[in-house]
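Examining the three-dimensional arrangement
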Amino acid sequence: MIESGARPLALVTGASRGIGAAVARALAPTHDVLLGGRDADALGAVAAGLPGARPWPVELTDPTELADAIADIDRLDVLVHSAGIGPLGTVEDSPAEQWRQTFEINVVAVAELTRLLLPALRAARGRVVCINSGAGFTARPGWASYAASKFALRAFADALRAEEATRGVRVTSVHPGRTDTDMQRAVVAHEGGEYDGSRFLHPESVARAVLLAVTAPPDADVTELSIRPAPR
Ligand SMILES: NC(=O)c1ccc[n+]([C@@H]2O[C@H](COP(=O)([O-])OP(=O)(O)OC[C@H]3O[C@@H](n4cnc5c(N)ncnc54)[C@H](OP(=O)(O)O)[C@@H]3O)[C@@H](O)[C@H]2O)c1
């Protein structure tokens, strides 16, 4: 069994880098944190700086691996879905396999991991945070498969929130704009631009929005948060 000791337990997917790693660092002072990801070395490096954090290396699209990995979690206070992929391309240039891969990790894996952990979340009256995107509200040219997956993720979060309201499980969608991570580097490379991370949100700023949702008092249901790079 995964024991959380006296502190609440959080599971953060995508915690090997980017926004997920920043969320894990923000939660670590108050939570024991399971660090989701696939890169064992990167997970070990994040865990090394965080007392109470442990790697949770799982391929989220593998149902057997997923079921095994959650088997010992019987109580979970916080579940943050940050793992995601963002391949871009026009509809003309986006084959079925791109759509399938994007939905598999950005939507199906989120739904399945949440489903498997619902008893543990209910036991703790836990919080679920989905890292969505500005693309979860607006679909721009060249972003169809990614935006569609994030629209679907928003729908998932809305339905889950309504279903779990009376069981004390709270659900928040966090919609960041462009954030200085590996994913954003790939986006800029796709667009053919010069990368300047200082133009984008810091992952730590997104993590603060997650913390706001997770630490909201019992009377407050934080349903959606949008956070954009400030004009400079
Ligand atoms: N960066 C942005 O500008 C931006 C803006 C809005 C929303 N978002 C959203 O924020 C979230 C995090 O993005 P990011 O920029 O931090 O991305 P990132 O730096 O590319 O990191 C992606 C993370 O997802 C994990 N991951 C990907 N596929 C996985 C799989 N099949 N199984 C397990 N883990 C998997 C990766 O783990 P490994 O490396 O260990 O494989 C990594 O930890 C995503 O949902 C993204 O859509 C990002």
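Residues numbered from 1 in each chain as written. Predicted model: local features only at pLDDT ≥ 70, side-chain atom pairs only at ≥ 80, totals over all residues. Heavy atoms only, no water.

Per an unreviewed UniProt entry, the protein goes by the name SDR family oxidoreductase and belongs to Pseudonocardia charpentierae. One UniProt comment on the protein, placed under Sequence similarities (unreviewed entry), says "Belongs to the short-chain dehydrogenases/reductases (SDR) family." (UniProt positions renumbered as here; feature names shortened; annotations may be inferred.)

The strands making up a sheet associate through hydrogen bonds between their backbones, and the pairing can be parallel or antiparallel. The sheet built from seven strands is open, its strands ordered β3-β2-β1-β4-β5-β6-β7 with parallel pairing. One side of each edge strand has no neighbouring strand; the edge strands of this open sheet are β3 (53-57) and β7 (224-227). For this sheet, the mean angle separating the axes of adjacent strands, direction not counted, is 15 degrees. Both strand β1 (residues 9-12) and strand β4 (residues 78-81) contribute to a ladder of three bridges, which runs parallel. In the sheet register, L11 faces β4, and the bridge partner there is L79. (Pairing = 2+ DSSP bridges. Helix = DSSP H or I, 4+ residues; strand = E, 2+ residues; numbered from the N terminus. Axes fitted to C-alpha atoms, helices over the stretch in contact; angles between N-to-C directions.)

Interhelical geometry of helix α4 (residues 96-124) versus helix α5 (residues 144-164) gives an angle of 15 degrees and a closest axis separation of 9 Å. Looking at the two axes, α4 sits roughly parallel to α5. Of the two elements, α4 crosses α5, and the hand of that crossing is right-handed. Of the residues in α5, those in contact with Q98, W99, T102, F103, N106, V107, V110, A111, T114, L118 and R122 of α4 are A144, S145, Y146, A148, S149, K150, A152, L153, F156, L160 and E164. (Parallel < 35°, antiparallel > 145°, perpendicular 65-115°, else oblique. Left-handed = near helix turned anticlockwise from the far one by under 90°. Contact = heavy atoms within 4.5 Å.)

This part takes up the nonpolar core. Core analysis: the largest hydrophobic core is formed by 33 residues, its most contacted members being L27, L35, V80 and V174. Mapped by element, the contributors of at least two residues to this core are β1, α1 (18-27), β2 (32-37), α2 (40-48), β4, β5 (127-131), α7 (203-214) and β7. Discounting chain neighbours no more than four positions away, the residues touching L35 are V12, A15, A24, L43, V46, A47, A53, R54, P55, W56 and P57. Formed by 28 residues, the second largest nonpolar core is a distinct cluster that contains L76, A120, L121 and F156. (Core = buried A, V, L, I, M, F, W, Y, C linked by side-chain atoms within 4.5 Å. Buried < 20%, exposed > 50% of the residue type's maximum accessible area, 1.4 Å probe, protein only.)

Next up on the list: the site of the ligand. In the vicinity of the ligand lie 29 residues, with S16, R17, R38, Y146 and T181 positioned nearest. Y146 places a polar side-chain atom, nitrogen or oxygen, 2.6 Å from an oxygen atom of the ligand. One nitrogen or oxygen atom from the main chain of T179 is found 2.8 Å from an oxygen atom belonging to the ligand. Coverage of the ligand by the protein amounts to 94% of the 900 Å² it exposes when considered alone. In this structure, the ligand is accommodated by the largest pocket. Per-element tally for the shell around the ligand: the top contributor is helix α6 (residues 182-191), with three residues. Class assignment for the residues of the shell around the ligand results in 10 nonpolar, 12 polar and seven charged. (Near = heavy atom within 4 Å. Polar contact = N/O pair within 3.5 Å; in protein donor to acceptor, adjacent residues only side chain to side chain. Areas by Shrake-Rupley, 256 points an atom, 1.4 Å probe, with all protein chains shown as cover. 1 Å grid on protein atoms, 1.4 Å probe; cavity = no way out; pocket = protein on both sides within 12 Å on 5 of 7 lines; lining within 4 Å. Sits in = over half its atoms within 2 Å of the grid points. Nonpolar A, V, L, I, M, F, W, Y, C, P; charged D, E, K, R; others polar.)

Turning next to the packing of α1 against α7. Where α1 meets α7, the axes come as close as 8 Å, and the angle between the chain directions of the two elements is 50 degrees. As the angle between them shows, α1 and α7 are arranged oblique. Note on packing geometry: the crossing formed by α1 with α7 is right-handed. Listed contacts from α7 to G18, I19, A22, V23, R25, A26 and L27 of α1 are P203, E204, V206, A207, V210, L211 and V214. Among the residues making up the contact of α1 with α7, the classes are represented as 11 nonpolar, one polar and two charged.

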